[in-house]
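Structural description and commentary
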Amino acid sequence: MTFREKHLLITTVTTVLIWSVYFWRMGQSILSGGLMQPSFAGEMGVMFAMAVAVVVAIELIMTLIAHLTTSKPEREARDERETLAGLKGSHVALMSLLAMIFTLAGVAYIFGVADFVAPGNGKTLTTNANAMVVIANLLWAAFLISELIRASFTLILLRRGH
């Protein structure tokens, strides 16, 4: 396995594990009525910072291990196959990201038209501040999914020899 393949695998596994836990905890908080709590934004901010710190630490340690277990010529070599796989993976990820952003924008528009965050209208689901936290997390999730698509697609192409 080349260094780039190792790094893509490290990124994919770390992203799935850490951010799955983060979004699971966020989902639990939302289901237990957290969206109407003033502390929701702060709690999510702390969990977000912790998740970022854990991802950075794991990726640094695992990339260092991959670096030490891969020969220098193998780390530095980058052939046309790797470049092409990376470009194809990035293209698929970009198109996926655009589709997700477009969908999220449509959903946000519908929620705005339906007035789900206006206090006193009888259909309030959240406070304005917590709605912004949810939107920010949905955008972050779209970015993470597109990065997973890029890394996974690139890794698959590299493993197939394309």
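A brief report on the enclosed structure follows. Only a predicted model underlies this, so the values are computations on that prediction, with no experimental measurement involved.

1. As for the side chain of N137
Examined against the element boundaries, N137 turns out to sit in helix α5 (residues 128-160). The exposure class of N137 is buried, given its relative accessible area of 7%. Those residues within four positions of N137 in sequence are excluded, and the remaining contacts are Y22, F23 and M26.

2. Structural notes on the environment of I149
Note on placement: I149 falls in helix α5. Spatially, the C-alpha atom of I149 lies 8.1 Å from that of S96, the residues being 53 residues apart in sequence. I149 has contacts with V92, A93 and S96, leaving out every residue within four places of it along the chain.

3. Topic: helix α1 (residues 3-31)
For an α-helix, the turn length of 3.6 residues means that residues three or four places apart are oriented alike. When the terminal C-alpha atoms of α1 are compared, their 41 Å separation across 29 residues agrees well with the 42 Å that a helix rising 1.5 Å per residue should span. Phi turns positive one or two residues past the end of α1, at G33, with a value near 90 degrees.

4. A look at the nonpolar core
Counting 13 residues, the largest nonpolar core has W19, Y22, M26, F40, M44, A51 and V134 as the members making the most contacts within it. Going through the elements one at a time, α1, α2 (40-68) and α5 are the ones with two or more residues in this core. It is α2 that provides the largest number of residues to this core, a total of 5 residues. Apart from the residues within four sequence positions on either side, F40 is in contact with M26, S29, I30, G34, L35, N130, V133 and V134. Residues A85, A151, L155 and L158 belong to the second largest nonpolar core, which totals 6 residues.

5. Here we look at the packing of aromatic side chains
In total, this model carries 8 aromatic pairs according to the counting rule given. Considering the side-chain rings of W19 and F48, the 5.4 Å spacing of their centres and the 45 degrees angle between planes classify their relative orientation as tilted. In this pair, W19 is assigned in helix α1 and F48 in helix α2, connecting sequence segments 29 residues apart. Judged by relative accessible area, F48 falls into the partly exposed class, the value being 29%. Between W19 and W140, the aromatic rings sit 5.5 Å apart at their centres with planes inclined by 70 degrees, giving edge-to-face as the arrangement. Residue W19 is found in helix α1, and its partner W140 is found in helix α5; the two are separated by 121 residues along the sequence. Owing to a relative accessible area of 25%, W140 belongs among the partly exposed residues under this scheme. One aromatic cluster is present, formed by W19, Y22, F23, F48, W140 and F143 through successive ring pairs.

Calculation criteria
Residues numbered from 1 in each chain as written. Predicted model: local features only at pLDDT ≥ 70, side-chain atom pairs only at ≥ 80, totals over all residues. Heavy atoms only, no water. Helix = DSSP H or I, 4+ residues; strand = E, 2+ residues; numbered from the N terminus. Buried < 20%, exposed > 50% of the residue type's maximum accessible area, 1.4 Å probe, protein only. Contact = heavy atoms within 4.5 Å. Expected span 1.5 Å × (residues − 1). Core = buried A, V, L, I, M, F, W, Y, C linked by side-chain atoms within 4.5 Å. Phe/Tyr/Trp six-rings, centres within 6.5 Å; stacked < 30°, edge-to-face > 60°.

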